[in-house]
Amino acid sequence: MLRTWRQRITLTDIVVWAIGVAIGAVIIIGTIATLRSGKYSANTWLDLTVKGLALGGVYALIAMGYTLVYGILRMINFAHSEVFMSGPFTAVFLANALSRSGFMDRQPLIGMLLVLALSIAVSMTIAVLLERIAYRPLRHAPRLVPLITAIGASFFLQYVFRGLYGSGFQAYAIPKVLQGSITIGGLRIFNTQIAVILGALGMMFALYAIVQWTKTGKAMRAVSEDKEAAALMGIDVDRIISLTFALGGISAGAAGILYALLFPVVNFIMGFIPGLKAFTAAVLGGIGNVPGAFLGAMILGLIESIGPNLFLDGLGVPTPSQLKDAIAFTILVFILIFRPTGILGERMAQSKA
Amino acid sequence: MALLEVENIHSYYGNIHALKGVSLSVDKGEIVTLIGGNGAGKSTTLRTITGIMKPHEGHVRLEGNDLAPFKPHEIVYKGVAMVPEGRRIFARLSVAENLEMGAYTLTNKSKLNQNMERVYKLFPRLKERRSQVAGTLSGGEQQMLATGRALMADPTVLLMDEPSMGLAPVLVELIFDTIQQINKEGTTILLVEQNALMALSIAHRGYVLQTGEIVISDTAENLKQNVTVQKAYLGME
Ligand SMILES: Nc1ncnc2c1ncn2[C@@H]1O[C@H](COP(=O)(O)OP(=O)(O)OP(=O)(O)O)[C@@H](O)[C@H]1O
Ligand SMILES: [Mg+2]
């Protein structure tokens, strides 16, 4: 037992483990140094936590698209970042028009719902068309083929939207009611952060309820396990796959509006980084697993927000927050190496066997 | 007119010619069995009836209507249910959710509950396990679930692919009793079996399939007496 284990260790394993241990050491030493320096107050940490939760909520909604589609087709929809971009990039025009005309200030709730609805409708339509046109004809092709198609579709969508709306950044007018902040016990929380956290939680719960408790949701899970057996139950597999893409699109469209509340500029390339981060979150939680995507996204949001200051500041890194993306993608690489099934992925793999 | 009629079908896997002109018919209220050795094409016949495979030639008709233009899920809505080979239950869904999927074509919720009660009465074990994840059921329990699931839709025709496979003799008895019982309640059954003796003991008629062709067709009584059948499928010398 021990011998076979020893024989299986290669030089690469040793190097990978060594890097892992080194990173772990940096994190621990950095954290201790940061905390001992006492440079940041408790409020700063809380502030970063709130930021992390808001960010995590947005990632969670985007991650749903990756995880639902993976669950049902075993494919990574790399064009999902563009599904995410298409909604808010379209809705920004409505949002700004409503702001300019003063409607947004007079009827903020209706105005915001209209903007949200438009974003959701666009993202959903793009997601459904993407599946229908680009992926469905390739359903029985080798797995690499739809993956390449997805990357192609991703560029196609980026440049279509660039062509439609231009390559510049569009400032997103935040409704007056959401400007400003509240202060609880010295902790300042922005209204937009509250809206994002509540919005994301509400959306996540609704999605979970749909997948878990509705007839369509159960059919989605059945199709994800065995398409042929599902068809023998009378389930229209193509329709369920379309609906899955629609759900992913809906949550991406909603995520887009929430994201724009946190970072109020949109452009045709805005999907790339959040899309990749949400993918990281989905893998971290265990891709294909809905609660896993939520958990992974929250963890990633928190690490990204708190991590740079906590891990790196004590080591004397000058502007640690600029390294947040590096931290996020280091996580992706290391989960893929050490735990490709993600946090909650194991259970799925087991019951599939 | 037969309820289910298979006329001269030819089915292929790539260039493997698996069915070479199979014809059979099942009348309303009958139990018909299709027996044959490994690789004879029994499962392929059932898969062609359900529309999962489309025949290159020939026709499948239900109550006289050609099923060719319909997709598998649409054929289910016409009243054809199947207990597939190897059970194919949804391992990550609960027992109750599996049964609900079996009733996917029903729109009436109280009908669904009524059918679920009927399945639970047939298989009390499933009732005990209803919230358990189906993948953790024993093999026999999974077979009960696959059978129960197919009954949930109130099928007019039930296709069963080796329901006795891998089951202990007591369970085989139970499954075959159940088949007879649901047949008495009005479901027409096409039963594929390796266990020819059991199948012929409950069937009205039978067909023997050999390398993609029907070689014998007769009443169950006569098939049991048939020397070729006795030698090849009943293990008698
Ligand atoms: N997916 C497939 N691809 C290629 N050939 C197949 C496939 N499935 C079945 N076949 C072939 O078609 C023929 C008929 O197979 P089928 O599964 O219908 O046999 P069967 O009578 O059900 O056998 P068994 O009793 O072993 O289940 C066999 O020769 C088999 O090898
Ligand atoms: Mg078979």
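In this report, we go over the structure that sits alongside the text.

### Overview of the sheet that holds strand S6 (residues 80–83) of chain B
By way of backbone hydrogen bonds, the strands of a sheet pair with one another, either parallel or antiparallel.
All names here are of chain B.
So, point 1. Spatially, S6-S7-S8-S3-S9-S10 is the arrangement adopted by the 6 strands of the open sheet, whose pairing is mixed. Two strands close off the open sheet at either side, each with one partner strand: S6 and strand S10 (213–219). Averaged over all pairs of adjacent strands, the angle between strand axes in this sheet comes to 15°, irrespective of strand direction.
So, point 2. Where strand S3 (residues 31–35) lies against strand S9 (residues 205–210), 4 bridges are found, and the strand directions are parallel. Bridge pairing links Ile 35 to Val 208 in S9.
So, point 3. Helix H1 (residues 42–50) rests against S3, S6, strand S7 (157–161), strand S8 (188–193) and S9 of the sheet, and its axis sits at about 150° to S7.
So, point 4. Along the sheet, helix H6 (residues 139–151) contacts S6 and S7; its crossing angle with S6, the most-contacted strand, is approximately 180°.

### Considering the interface of chain A and chain B
So, point 1. Contacts between the two partners involve 25 residues from chain A, matched on the other side by 24 residues from chain B.
So, point 2. Here chain A and chain B share an interface that buries about 2,300 Å² over both sides, 57% of which is from carbon and sulfur atoms.
So, point 3. Contact with chain B buries surface across chain A, with Glu225(A), Leu232(A) and Met233(A) losing the most and accounting together for 32% of the total.
So, point 4. Linking chain A with chain B are 5 salt bridges, by the criterion used here.
So, point 5. In this structure, Asp226(A) engages Arg88(B) in a salt bridge whose closest nitrogen and oxygen atoms are separated by 2.6 Å.
So, point 6. For the pair chain A and chain B, the interface holds 9 residue pairs in polar contact (both at pLDDT 80 or more).
So, point 7. The set of elements that each furnish at least two residues to the side of chain A that touches chain B consists of helix H9 (215–225), helix H10 (227–232), helix H11 (237–262) and helix H15 (345–352) of chain A.
So, point 8. Examining the composition of the side of chain A that touches chain B, we find that 7 residues originate from one element, H9(A), more than from any other.

Criteria and thresholds
- Residues numbered from 1 in each chain as written.
- Chains lettered and ligands numbered in written order.
- Predicted model: local features only at pLDDT ≥ 70, side-chain atom pairs only at ≥ 80, totals over all residues.
- Heavy atoms only, no water.
- Pairing = 2+ DSSP bridges.
- Helix = DSSP H or I, 4+ residues; strand = E, 2+ residues; numbered from the N terminus.
- Axes fitted to C-alpha atoms, helices over the stretch in contact; angles between N-to-C directions.
- Contact = heavy atoms within 4.5 Å.
- Buried area = accessible area lost by both parts, 1.4 Å probe.
- Salt bridge = Lys/Arg side-chain N within 4 Å of Asp/Glu carboxyl O.
- Polar contact = N/O pair within 3.5 Å; in protein donor to acceptor, adjacent residues only side chain to side chain.

Geometry only, nothing functional implied.
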